[in-house]
Amino acid sequence: MSVFFQKRIRYTQYFMRIIGVIGLLWVWAGAAFALDIQEVRWGFDGQVVPERFNLLSVLVANPSAEAYEGALNLTCGHGSGRLGGVEEQPCYLAPFTARWVQFHPYVVNENYQWELSWRGDRKTLNFPRLGPPASVLLTEADLLASRPGGLKPFNDELFPTTLAALDGLNAVALDYVPRWPAAKRAALRDWVQAGGTALVLQNAKGEFPVFTDELACLNTPGPRALVGRGTVFRKPTTRREVHDNAFGPLPEMTNSQHVAIWSFEQSLFRVLGRHARPRHNWALIYVSAIFYLGVAGPGTLLLGRWVRDYRIVLGVLLGSVVAFGVLFAVIGQRGQGERSLVYTVSYARSLGGRQFDVTQWINLFVTRGGTYTLRHDAPHNLYGVHSDFESVNSVARNGKDGALVVDMPVFSQRAVVHQGVLTGDAVAIDVIAWKGGDRLEEFAVRPNPELQGKITEMWAVSRGYVYPLRWRNEAWSLDWTPQLVSDYFAQDKMAQFNSLGYQQLDPGTDSQFSSAEMSSIARPLMAYALGGAYTFTHTIARPEPVLAEEVQVFFIAPSPPGFGVVGKDFGRETGFTLYHVTLQNPREHP
């Protein structure tokens with residue numbers, strides 16, 4: 001055999017070995033990592049609240065001798081595929097260890113299938129059950145197996161680190177001081193002050209726990225006390241003797257009999273999305289297209305008969321193609337003045353001072369394709385990409401310093417839901433008059449001067465009635481006869497909102513999101529804040545407060561800069577906010 005063929009065989013063997021090594025590396029990199037999903041817990045009691053961010057806790061174990069370092073991805077969809085984006089949480093597991101990993105999905109209803117995936121493998125999760133906010137007994141991890149007194153236990157290890165993740169919690173009972181970091185202690189404190197109910201029990205020694213630091217507000221002197229807008233009860237009994245009726249009447253979820261809004265998010269994003277549709281000058285486009293066909297067709301033929309030099313004819317044809325190509329590119333992309341835009345509707349629940357628990361529905365519109373990062377100025381951010389029809393190339397990293405990374409093609413838009421504790425304008429409302437029992441006979445309030453000039457509309461809700469307010473005599477006071485909540489949010493009253501998203505904007509008018517349009521959104525947004533108000537698919541009815549007369553005050557104002565998107569990736573942001581302030585008039589108790 002010649003030297004040439006010997007070298008050729010040797011080189012071929014080397015090449016095949018290299019290919020084999022590369023193939024093995026490829027298979028190893030794509031191989032499934034054998035993680036074991038040992039337990040899945042939805043919410044605080046196995047249920048989730050519809051159209052809210054909810055808690056999902058997953059106990060993940062690594063049964064192998066190799067450490068796992070990567071990400072766990074949560075997606076939802078149905079039989080035809082994935083819908084919306086991906087929520088990603090980092091995960092490191094040493095060999096033969098287990099840990100809890102928490103997600104914060106935005107759950108619309110119970111019809112979607114949720115799936116957890118990691119390196120080369122996936123697991124389908126059980127369907128979440130819908131229910132009202134939970135009332136639970138806080139327990140230490142090693143005591144979780146016990147379930148005394150009918151109260152559902154909740155592992156204190158899984159308690160969230162932000163108020164934004166506590167929409168699914170109604171009341172909590174505890175008989176010890178949790179060994180928590182500051183973030184969890186602050187989350188429980190903020191939740192109580194925002195309207196939550198805490199029940200402090202005696203421990204096995206018959207003693208009440210003594211709280212410190214952020215939880216010192218639970219050291220109330222008597223059996224019942226108001227803490228902010230929330231309530232703290234102290235009951236001289238142990239966890240083995242207490243029952244779920246210790247919290248008093250609990251929220252209930254019912255299926256509405258006369259549904260006016262089947263999908264609040266879908267309807268709202270349709271309204272916001274119409275502002276991001278390119279508003280082309282179709283008359284100019286049609287005329288240009290007809291003129292181009294005339295130049296490229298009959299025009300070139302006639303020119304060829306008059307001019308004998310074919311090079312001139314081809315040059316004219318090529319020039320016309322280039323010229324009209326540039327023309328169509330210009331007139332076809334001037335829908336938003338070639339600017340990226342953000343339109344936002346916010347619901348802000350006042351926490352006192354300048355702090356707000358804010359839920360936002362954001363429509364992003366970009367004129368340049370690329371990968372964009374969405375952030376807000378909050379310690380913890382929760383994001384969800386909404387889509388009822390398609391998957392979206394996006395990754396939400398919810399929690400501390402949370403952000404959303406989303407891929408957006410040129411001249412496209414994305415629908416995003418966001419929740420976080422944000423800083424806005426100072427809100428202070430002085431009560432000028434308050435008189436009445438089951439129905440308000442007299443009621444007037446005066447906002448702080450800096451806020452008053454921005455308010456466009458205001459309402460009061462009390463004991464099942466809605467009271468529109470009007471500005472007169474330097475105060476917002478009762479305007480006309482109140483309506484029952486069921487009547488104010490009836491089907492015929494929601495017709496304007498349901499049809500608004502299908503109405504085309506007049507090309508001759510300003511396309512910006514206006515306060516008049518926000519006025520049409522305010523009614524269904526108030527229904528959302530009130531738990532559905534018998535007009536959504538599901539309604540969550542909350543009992544009347546025990547220790548105080550309450551009036552829920554809602555008003556519309558432009559969104560402050562603190563509610564906006566951080567960074568310069570997106571263009572001008574236009575938004576309006578429905579503020580929610582709870583006013584209390586303490587009752588006397590024996």
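Further up the page is the structure itself.
This section reports on the structure supplied with the text. Given the structure is predicted, the values throughout are model-derived calculations rather than measurements. (Residues numbered from 1 in each chain as written. Predicted model: local features only at pLDDT ≥ 70, side-chain atom pairs only at ≥ 80, totals over all residues. Heavy atoms only, no water.)

Some words on the overall build of the protein chain
What counts is decided by this rule: A run of H or I in DSSP counts as a helix once it spans at least four residues, and a run of E counts as a strand once it spans at least two, with each numbered from the N terminus. Here, two residues are considered to be in contact whenever any of their heavy atoms come within 4.5 Å of each other. Accessible areas in this description were obtained via Shrake-Rupley with a 1.4 Å probe; residue shielding takes into account the shown protein chains only.
Assigned secondary structure in the protein chain consists of nine helices and 35 strands. Look at the contacts in the protein chain between residues 6 or more apart in sequence, and 72% of them connect residues 24 or more apart. About 28,300 Å² of surface is accessible on the protein chain, with carbon and sulfur atoms providing 55% of the total.

What about the sheet that holds strand 14 (residues 169-174)?
To keep things clear, this is the line we draw: A pair of strands is treated as paired once DSSP finds two or more bridges between them. Interaxial angles span 0 to 180 degrees and are taken between N-to-C directions of axes, which are lines fitted to C-alpha atoms, for helices over the stretch in contact.
Here we have six strands laid out as an open sheet, ordered 13-12-14-15-17-16, and mixed in their pairing. The open sheet terminates on both sides in strands that have one partner only, identified here as strand 13 (152-155) and strand 16 (224-227). Direction aside, neighbouring strands of the sheet carry axes that sit 30° apart on average. With four bridges connecting them, strand 12 (residues 134-139) and strand 13 associate as parallel partners.

Section: the pairing of strand 12
Rules: Burial classes: relative accessible area under 20% of the type maximum marks a residue as buried, over 50% as exposed, and values in between as partly exposed (1.4 Å probe, protein chains only).
Of all six residues in strand 12, six are buried, a share of seventy percent or more. Bridge analysis of strand 12 against strand 14 gives four bridges, and the strand direction is parallel. Residue pairing in the sheet places Ala 134 in a bridge with Leu 169 of strand 14.

Looking at the packing of aromatic side chains
Rules: Note on aromatic contacts: the rings of Phe and Tyr and the six-membered ring of Trp form a pair at centre separations within 6.5 Å, being stacked when their planes are under 30 degrees apart, edge-to-face when over 60 apart, and tilted otherwise.
Per the counting criterion, the structure on display carries 20 aromatic pairs. Measuring from ring centre to ring centre gives 5.2 Å for Trp 361 and Tyr 528, while their planes differ by 85°; the resulting arrangement is edge-to-face. With Trp 361 in strand 20 (residues 355-366) and Tyr 528 in helix 9 (residues 515-529), this residue pair connects regions lying 167 residues apart in the sequence. You can call Trp 361 buried: its relative accessible area is 0%.

Observations concerning the sheet that holds strand 9 (residues 113-118)
Spatially, 10-9-5-6-23-25-21 is the arrangement adopted by the seven strands of the open sheet, whose pairing is mixed. Here the strands that pair on one side only, and so sit at the sheet edges, are strand 10 (121-124) and strand 21 (370-374). On average, each strand axis in the sheet is tilted by 25° relative to the strand beside it, whichever way the strands run. Where strand 5 (residues 68-78) and strand 9 come together, five bridges link them in antiparallel fashion.

With respect to helix 3 (residues 264-273)
In terms of residue burial, helix 3 counts as a mostly covered element, since nine of its 10 residues are buried. For helix 3, the complete set of buried residues consists of Phe 264, Glu 265, Ser 267, Leu 268, Phe 269, Arg 270, Val 271, Leu 272 and Gly 273.

Details of the side chain of Ser 394
With respect to the helices and strands, the residue Ser 394 is situated in strand 23 (residues 391-397). When its relative accessible area of 3% is taken as the criterion, Ser 394 is described as buried. Non-local contacts of Ser 394, meaning those with residues more than four positions away in its chain, are made with Gly 85, Val 86, Val 385, Leu 404, Val 405 and Val 406.

Comments concerning the pattern of salt bridges
What counts, and what does not: For this analysis, a salt bridge means a side-chain nitrogen from Lys or Arg found within 4 Å of a carboxyl oxygen belonging to Asp or Glu.
With the rule as written, the count across this model stands at 14 salt bridges. Arg 41 is the partner of Glu 39 in a salt bridge, and the nearest nitrogen-oxygen pair spans 2.6 Å. Salt-bridge contacts for Asp 175 lead to Arg 239; the nearest nitrogen and oxygen are separated by 2.8 Å. Taken as a pair, Asp 175 in the loop between strand 14 and helix 2 (182-193) and Arg 239 in the loop between strand 17 (230-235) and strand 18 (252-255) lie far apart in primary sequence, 64 residues in all. As far as the burial class goes, Asp 175 and Arg 239 line up, both buried. Through salt bridges with shared partners, one network takes in Arg 185, Asp 213 and Glu 214.

Re the packing of helix 3 against helix 9
Here is the rule: We call two directions roughly parallel when the angle between them is under 35 degrees, roughly antiparallel when it is over 145, roughly perpendicular when it lies between 65 and 115, and oblique otherwise. Take the far helix as the reference: if the near one is turned anticlockwise from it by less than a right angle, the crossing is left-handed, and if turned clockwise, right-handed. We call Asp, Glu, Lys and Arg charged. Ala, Val, Leu, Ile, Met, Phe, Trp, Tyr, Cys and Pro are nonpolar, and the rest, Gly among them, are polar.
Where helix 3 contacts helix 9, the axes come no closer than 12 Å and their chain directions differ by 165°. The angle between helix 3 and helix 9 falls in the class roughly antiparallel. Here helix 3 and helix 9 pass one another in a crossing that is left-handed. On the side of helix 3, the interface is formed by Phe 264, Glu 265, Leu 268 and Val 271, while helix 9 contributes Glu 517, Ile 521, Pro 524, Leu 525 and Tyr 528. Residues of the contact of helix 3 with helix 9, tallied by class, amount to seven nonpolar, no polar and two charged.

A closer look at helix 5 (residues 310-331)
Keep this limit in mind: A helix is expected to span 1.5 Å multiplied by its residue count minus one. Picture the helix axis, draw a direction to every C-beta atom, and the arc is the one those directions span.
Here helix 5 spans 31 Å end to end across 22 residues, near enough to the 32 Å set by a 1.5 Å rise per residue. What helix 5 keeps buried is the set Val 313, Ser 320, Phe 324 and Ile 331. Looking straight down helix 5, one finds its buried side chains confined to an arc of 40°; they lie on one side. Exposed and facing more than 90 degrees away from the buried side of helix 5 are Arg 311 and Leu 318.

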